Amino acid sequence: DVKVTQSSRYLVKRTGEKVFLECVQDMDHENMFWYRQDPGLGLRLIYFSYDVKMKEKGDIPEGYSVSREKKERFSLILESASTNQTSMYLCASSQRVGRGQPQHFGDGTRLSIL
Amino acid sequence: GENVEQHPSTLSVQEGDSAVIKCTYSDSASNYFPWYKQELGKRPQLIIDIRSNVGEKKDQRIAVTLNKTAKHFSLHITETQPEDSAVYFCAASTGGFKTIFGAGTRLFVKA
């Protein structure tokens, strides 16, 4: 069974801090994703990566960056945290696309920026 | 841009009744349509998916239908049980990297 592990379930940070959210998957998946989940807005894609050191912007990349130095690990970075980045962050992974593949999600990190 | 509209946003049914959630997608190149269930405090999990070469797919009490012409797809849950209470997300993908998710439907099943 695919395991996607996010480093923290809950995180509280202060405005202006640099915040790192870590995600690790154990199924050798090529693709990894970061979403934020807000009530009534569903899942919105921040960034994704289809290979080591490769990254692509999603729909809401402003204020975020990512890093993928190893295949199994995908990090989301809030360069200078702001209160409007308070949200639930979900990491996901999937096999290389071709015919569409289901995504496997982590448990999420609920981030509060004070 | 591409989007997926999902209705209703909230659905309340009596235990044993059926529940139907509907989604509409905009990108006619979409060919893969997964449905995810997210229980309170838990991760979204795939419950069923359908590809564009199929019109209907069933898995026990869950079924999904796809109308490519109208760009509609729906989730049907029969004989609902309290453990079906959750948020359900539909999604559409062209087989590329991006999957577009609906806003979610919160389903309440009353015992």
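Residues numbered from 1 in each chain as written. Chains lettered and ligands numbered in written order. Predicted model: local features only at pLDDT ≥ 70, side-chain atom pairs only at ≥ 80, totals over all residues. Heavy atoms only, no water.

Q: So what's going on with the overall build of chain B? Which residues, and what values?
A: Of regular secondary structure, chain B possesses 0 helices and 11 strands. In chain B, the order of α-helices and β-strands from amino to carboxyl end is β-β-β-β-β-β-β-β-β-β-β. A compact globule built from 111 residues would reach a C-alpha radius of gyration of about 13 Å, and chain B, at 13 Å, matches this within 12%. Each principal axis of the C-alpha atoms in chain B carries an extent, and together these give about 40 × 25 × 20 Å. Counting the 111 residues in chain B, one finds 45% classified as buried. (Helix = DSSP H or I, 4+ residues; strand = E, 2+ residues; numbered from the N terminus. Rg over C-alpha atoms; globule rule 2.2 N^0.38 Å. Buried < 20%, exposed > 50% of the residue type's maximum accessible area, 1.4 Å probe, protein only.)

Q: Any chance you could break down the sheet that holds strand β7 (residues 64–70) of chain A for me, citing the residues and the numbers?
A: Residues and elements named next belong to chain A. Within the open sheet, the 4 strands sit side by side as β1-β3-β8-β7. Their pairing is antiparallel. Two strands close off the open sheet at either side, each with one partner strand: β1 (4–6) and β7. Sheet twist, expressed as the average angle between the axes of neighbouring strands with direction ignored, equals 20°. As defined by bridge partners, strand β3 (residues 19–25) adjoins strand β8 (residues 73–78) across 6 bridges and the pair is classed as antiparallel. Directly across from Glu22, in β8, lies its bridge partner Ser75. (Pairing = 2+ DSSP bridges. Axes fitted to C-alpha atoms, helices over the stretch in contact; angles between N-to-C directions.)

Q: Describe the interface of chain B and chain A, with residues and values.
A: Opposite the 18 residues of chain B that make contact, chain A presents 26 residues. Buried area between chain B and chain A, both sides added, is near 2000 Å², and the carbon and sulfur share of it is 52%. The largest contributions to the chain B side of the interface with chain A come from B:Arg43, B:Phe97 and B:Phe101, which together make up 36% of the buried area. There are 1 salt bridge connecting chain B and chain A. In this structure, A:Asp107 and B:Arg43 form a salt bridge, with 2.8 Å as the shortest nitrogen-oxygen distance. The interface formed by chain B and chain A holds 6 residue pairs in polar contact (both at pLDDT 80 or more) in total. Secondary-structure elements contributing two or more residues to the side of chain B that touches chain A are β4 (32–38), β5 (45–51) and β10 (99–101) of chain B. The greatest single-element share of the side of chain B that touches chain A, amounting to 3 residues, is contributed by β4(B). Among the residues forming the side of chain B that touches chain A, the class breakdown is 8 nonpolar, 7 polar and 3 charged. (Contact = heavy atoms within 4.5 Å. Buried area = accessible area lost by both parts, 1.4 Å probe. Salt bridge = Lys/Arg side-chain N within 4 Å of Asp/Glu carboxyl O. Polar contact = N/O pair within 3.5 Å; in protein donor to acceptor, adjacent residues only side chain to side chain. Nonpolar A, V, L, I, M, F, W, Y, C, P; charged D, E, K, R; others polar.)

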